[in-house]
Amino acid sequence: MAMLAEQIDAVIGVDTHTDSHTACLVDHLGSQLAVVTVDADPEGYKALLAWALERSPGPRLVWAVEGCRSHGAGLLRALQQAGQLVVEAGRPQRASRRSGGKSDPVDAARAAREVLAAQAHAQPRTDGDREALRILLVTRGHATTARTAAVNTLKALLLTAPDQLRQPLRGLTTAAQVRSCAGLRVSTRQPAAERVLRHSLRQLARHISILDRELAANARQLRGLVAAVMPALLNEPGVGPMSAAQLLVSWSHPGRFRSEGAFAALGGVSPLPASSGRVVRHRLNRFGDRQLNRALHTITTWRMLHGHQPTSAYLARRRAEQKSDAEIRRCLKRYTARRLFRLMEAEALDRP
């Protein structure tokens, strides 16, 4: 799709929101033909498709939809069911917003023209197993955040608790403290402050225990789903069910990325050139999917710490060249992205 203008008759850019979507129809030269706003519901999707087919100068359409996996998810599914070609429109740059202003029609027109001018186009991520993994990761993130907050609150309350309550819990692990606090007794004979403290500690401890069970069940679901979708990932050193799930969510499906370099760029592990004059250097890429970057970081760190033979050999060689561990880790994350991307692409092609 490098020469998109030669292959299509029109592009429809869509600026998506919770309650409404605004679409702008432009021809293959980028001239604006029409603008419409519809409700973000099934009837609105039907009306938008009918409007585009009626107003388009030809049958070959491309839809440039912002927020394909957020506000535009419903529209994406409706368009795909109708056999329409959909690409994901990027978020407008701040500089272009300053020069051209901002409104829903302006954003929709900008999305259409940017896709028309681009040489590479982002494919929307798929539903199905990938979406199930994404949901499990989102709920796991929420439960982990809630558990961390509950543990921090419990420890803060223990810090200022009376000595007779705090002293037996000092030096215990968090799990042991949670078990002890879950069994605290509350009596009307206790002073009000101590009674409220014991009740709060007991409620927090029981909440933490519930979250622990939820996280364990979530991990089992993730492992089972990854094993069903792509078991080869779990055989890779350092790749656990959470990291494997994030790799699959970010990768989505075969052919979505034009190269392994594009996958590395999404994960923020492709170094960015920062040379000037006689100085030739690269800098760290802090863009892209930060959850994918975290998964690659976790896998690489595990391999560095647990004696993964190829990683250990690379560490020894690069340390002999006076490279720091941070620099070495950045290189290893790049190699890890290449290896895992090729594995996922190959496994998907071999799947019946």
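Note that the structure is predicted; figures quoted are calculated from it, not measured. For every chain, the first residue of the written sequence is number 1, and numbering continues from 1 onward in sequence order. Local features in this predicted model are restricted to residues whose pLDDT is 70 or higher, and side-chain atom pairs enter the listing and the counts only when it is 80 or higher, whereas totals over whole chains, interfaces and linings include all residues. Hydrogens and water molecules were not included; the side-chain quantities draw on all heavy atoms of the structure.

*Asks:* What is the right way to read the sheet that holds strand 3 (residues 32-39) from this model?
*Replies:* Within a sheet, adjacent strands bond to each other through the backbone by hydrogen bonds, running parallel or antiparallel. Criterion used throughout: strands pair if DSSP finds at least two bridges between them. Helix and strand assignments come from DSSP, with helices taken as H or I runs of at least 4 residues and strands as E runs of at least 2, each series counted from the N terminus. If you trace the five strands from one edge of the open sheet to the other, you get 3-2-1-4-5, paired in mixed fashion. Edge positions in the sheet fall to strand 3 and strand 5 (85-89), since each has one partner strand and no second. Ignoring which end each strand starts from, the neighbouring axes of this sheet average 20° apart. One ladder, built from five bridges, connects strand 1 (residues 10-16) with strand 4 (residues 61-66); its direction is parallel. What sits directly across from Ile-12, in strand 4, is Trp-63. Sheet strands in contact with helix 2 (residues 73-81) are strand 1, strand 2 (20-27), strand 4 and strand 5, and its direction is about 165° off that of strand 4. Note on definitions: a residue-residue contact is assigned when non-hydrogen atoms from the two residues lie within 4.5 Å. Axes here mean lines fitted to C-alpha atoms, for a helix over just the part in contact, with angles spanning 0 to 180 degrees between N-to-C directions. Its contacts with the sheet put helix 4 (residues 104-117) on strand 1, strand 2, strand 3, strand 4 and strand 5, and the angle it makes with strand 2 is roughly 45°.

*Asks:* Help me out: how do you make sense of the environment of Ala-111 in this one?
*Replies:* Position of Ala-111 among the secondary structure elements: in helix 4. The sequence separation of Ala-111 and Cys-24 amounts to 87 residues, and the corresponding C-alpha distance is 8.8 Å. Among all residues touching Ala-111, those that are not within four sequence positions of it are Gly-13, Ala-64, Glu-66 and Ala-89.

*Asks:* How should a positive patch on the surface be read in this particular structure?
*Replies:* Side chains of Arg-281, Arg-283, Arg-286, Arg-290 and Arg-330 sit close together on the surface and give a patch of like positive charge. Note that Arg-281 resides in the loop between strand 6 (272-273) and strand 7 (282-283). Using a 1.4 Å probe on the protein chains alone, a residue whose accessible area is under 20% of its type maximum counts as buried, one over 50% counts as exposed, and one in between counts as partly exposed. According to the relative accessible area criterion, Arg-281 is partly exposed, its value standing at 41%. Only residues whose relative accessible area exceeds 30% and that form no salt bridge are eligible for patches; like-charged ones are grouped when within 9 Å, while nonpolar side chains (Val, Leu, Ile, Met, Phe, Trp, Tyr) are grouped when within 5 Å. In short, Shrake-Rupley with a 1.4 Å probe defines the accessible areas, and a residue's cover is counted only from the protein chains shown. For this document, the term salt bridge refers to a Lys or Arg side-chain nitrogen within 4 Å of an Asp or Glu carboxyl oxygen. Positive charges are assigned to Lys and Arg, negative charges to Asp and Glu, while His and the chain termini are left out of the count. In this description, the location of a charge corresponds to atom NZ of lysine, CZ of arginine, CG of aspartate or CD of glutamate.

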